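# Fold and geometry: a report
Below, each chain spelled out in residue letters.
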Amino acid sequence: PVRLSDFGINIGERSLLENVQLEFPAGKLSVIVGASGSGKSSLLKVLAGLIDDDSALQVIGSVNTELNGQPGHVGLVFQSFALFDEFSPIDNVK
């Protein structure tokens, strides 16, 4: 499972998510729905490990993706077919 504890995301002075307590069951499909600008994509990027230390996002709290003591994997599909500029074409589809 993926567990979020006291989780939050800030961009500068703006808080996208605050004090989130959430668990996504392992092996299950989960859907995240919300208004534009509410932090959905930012949350998914954090869960998938796509946010680096140079990002403007400030992550608060903890994210646990372990399953039976082993690091878990998070997959995501974005709504549009956007590619990440910092990745090669092959890395974009891995």
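## With respect to the environment of Gly75
- Here Gly75 lies in the loop between strand S3 (57–64) and helix H2 (89–93).
- In the structure, Gly75 is positioned 30 residues away from Lys45 in sequence and 9.9 Å away in space, judged by C-alpha atoms.

## Regarding unusual backbone geometry
- Of note in this structure, Asp6 is not a glycine but carries a positive phi near 50°.
- Mapped onto the elements, Asp6 comes out in strand S1 (residues 2–11).
- Despite not being glycine, Asn19 shows a phi value in the positive range, around 50°.
- On the secondary structure map, Asn19 appears in strand S2 (residues 14–24).

## With respect to the nonpolar core
- In terms of nonpolar packing, the biggest core is built from twelve residues, these being Val2, Leu4, Phe7, Ile9, Leu16, Leu17, Val20, Phe24, Leu43, Val46, Leu47 and Leu57.
- Breaking this core down by element, the ones donating at least two residues are S1, S2 and helix H1 (40–47).
- In contact with Leu17, other than residues within four places in its own chain, are Phe7, Gly8, Ile9, Ser38, Gly39 and Leu43.

## Quick look at the side chain of Ser42
- As for its position among the elements, Ser42 is in helix H1.
- Residue Ser42 is classed as buried on the basis of its relative accessible area, which comes to 14%.
- Contacts of Ser42, omitting those with residues within four sequence positions, involve Ile9, Leu16 and Leu57.

## Some points on the pattern of salt bridges
- All chains considered together, the criterion is met by one salt bridge.
- Two residues, Arg3 and Glu23, come together in a salt bridge whose shortest N-O distance is 3.1 Å. One end of the pair, Arg3, is in strand S1; the other, Glu23, is in strand S2, and 20 residues separate them in sequence.
- A relative accessible area of 35% means that Arg3 is categorised as partly exposed.
- Judged by relative accessible area, which is 44%, Glu23 ranks as partly exposed.

## Description of H1
- What H1 keeps buried is the set Ser42, Leu43, Val46 and Leu47. Seen from one end, H1 has its buried residues packed into an arc of 135°, which puts them on one side.
- In this structure, the buried side of H1 is in contact with S1, S2 and S3.
- Following H1 by one or two positions, Gly49 has its phi on the positive side, about 75°.

Thresholds applied
- Residues numbered from 1 in each chain as written.
- Predicted model: local features only at pLDDT ≥ 70, side-chain atom pairs only at ≥ 80, totals over all residues.
- Heavy atoms only, no water.
- Helix = DSSP H or I, 4+ residues; strand = E, 2+ residues; numbered from the N terminus.
- Core = buried A, V, L, I, M, F, W, Y, C linked by side-chain atoms within 4.5 Å.
- Buried < 20%, exposed > 50% of the residue type's maximum accessible area, 1.4 Å probe, protein only.
- Contact = heavy atoms within 4.5 Å.
- Salt bridge = Lys/Arg side-chain N within 4 Å of Asp/Glu carboxyl O.
- Arc of directions from axis to C-beta.

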